[in-house]
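# Overview (structure and organization)
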Amino acid sequence: MNAPGDHLHRRMGIEILEASAERVVGRMPVKGNTQPYGLLHGGASCVLAETLGSTGAALHAGPGRIAVGVEINATHHRSATSGHVTAVATRVHGGRTLATYAIEITDDEGGAVCTARLTCMLRDAR
């Protein structure tokens, strides 16, 4: 992402590798994003999912419009303790006022870490 400033995705080391309104791919290091037991924090997975889904929704919304997350759910399948996790957000619905993305997060071996679903409200920028 090219947004200036100190934003959460930057502090967590999230990198966007590919971005379109239909599909967004990104990755995040496990190190620095763990809970006290050394496992990837579930909240970090949600931040990764919302970052990618919101990016796709903003691209879908187009110039002069913004995307605001209104609902996210996540199922955590297995832990990650090192390396990176990679997420793929795929558009499920793209309307005029709402966009929904399914996000799959995997570890370096391709194992399922988390699946999430994000819905964003689309509105005109102020």
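What you see is a predicted model, and the numbers here were worked out from it, not measured in a lab. (Residues numbered from 1 in each chain as written. Predicted model: local features only at pLDDT ≥ 70, side-chain atom pairs only at ≥ 80, totals over all residues. Heavy atoms only, no water.)

Another aspect to go through is the pairing of strand β2 (residues 23-29). Pairing geometry for strand β1 (residues 15-19) and β2, over four bridges, is antiparallel. Bridged to E15 within β2 is R27. For β2 and strand β4 (residues 84-94), the ladder comprises seven bridges, and the chain directions are antiparallel. Of the residues in β4, the one forming a bridge with G26 is A87. (Pairing = 2+ DSSP bridges. Helix = DSSP H or I, 4+ residues; strand = E, 2+ residues; numbered from the N terminus.)

Tallied over the full model, the rule gives zero disulfides. The structure places no disulfide on C114, whose sulfur is separated from the nearest cysteine sulfur, that of C46, by 5.9 Å. Overall, the relative accessible area of 1% leaves C114 in the buried class. Here C120 stays unpaired: no disulfide links it, and the sulfur of C46, its closest cysteine neighbor, is 13 Å away. Look at C120 and you get buried, because its relative accessible area is 0%. (Disulfide = S-S within 2.5 Å. Buried < 20%, exposed > 50% of the residue type's maximum accessible area, 1.4 Å probe, protein only.)

We now examine the sheet that holds β2. Taken in spatial order, the six strands of this open sheet run β1-β2-β4-β5-β6-β3, and their pairing is antiparallel. The open sheet terminates on both sides in strands that have one partner only, identified here as β1 and β3 (65-76). With strand direction ignored, the average angle separating the axes of adjacent strands in the sheet is 20°. The sheet strands contacting helix α2 (residues 42-61) are β1, β2, β3, β4, β5 (98-106) and β6 (112-124), and the helix crosses β3 at an angle near 145°. (Axes fitted to C-alpha atoms, helices over the stretch in contact; angles between N-to-C directions. Contact = heavy atoms within 4.5 Å.)

Those places that UniProt annotates as "domain: Thioesterase" (unreviewed entry) correspond, in this numbering, to residues 37-114. End-to-end, the C-alpha atoms of residues 37-114 are 18 Å apart, and along that stretch the chain is 26% helix and 45% strand. (UniProt positions renumbered as here; feature names shortened; annotations may be inferred.)

Topologically, Q35 is positioned in the loop between β2 and α2. As for Q35 and D108, which are separated by 73 residues in sequence, their C-alpha atoms are 19 Å apart.

Judged by side-chain polarity, I66, V68, V70, L98 and M121 come together as a nonpolar surface patch covering roughly 350 Å² of accessible area. Counting residues per element, the nonpolar patch draws most heavily on β3, which supplies three residues. (Patch = residues over 30% accessible without salt bridge, like charges linked within 9 Å, V, L, I, M, F, W, Y side chains within 5 Å. Areas by Shrake-Rupley, 256 points an atom, 1.4 Å probe, with all protein chains shown as cover. Salt bridge = Lys/Arg side-chain N within 4 Å of Asp/Glu carboxyl O.)

With that settled, the discussion passes to the pattern of salt bridges. All told, the structure shown has five salt bridges when counted by the stated rule. Residue E18 is joined to R23 by a salt bridge in which the shortest nitrogen-to-oxygen separation is 2.7 Å. By relative accessible area, which is 36% here, E18 ends up partly exposed. The shortest N-O distance in the salt bridge between D124 and R65 comes to 3.2 Å. Of this pair, D124 sits in strand β6 while R65 sits in strand β3, placing them 59 residues apart in sequence. The class of D124 is exposed, set by a relative accessible area of 53%.

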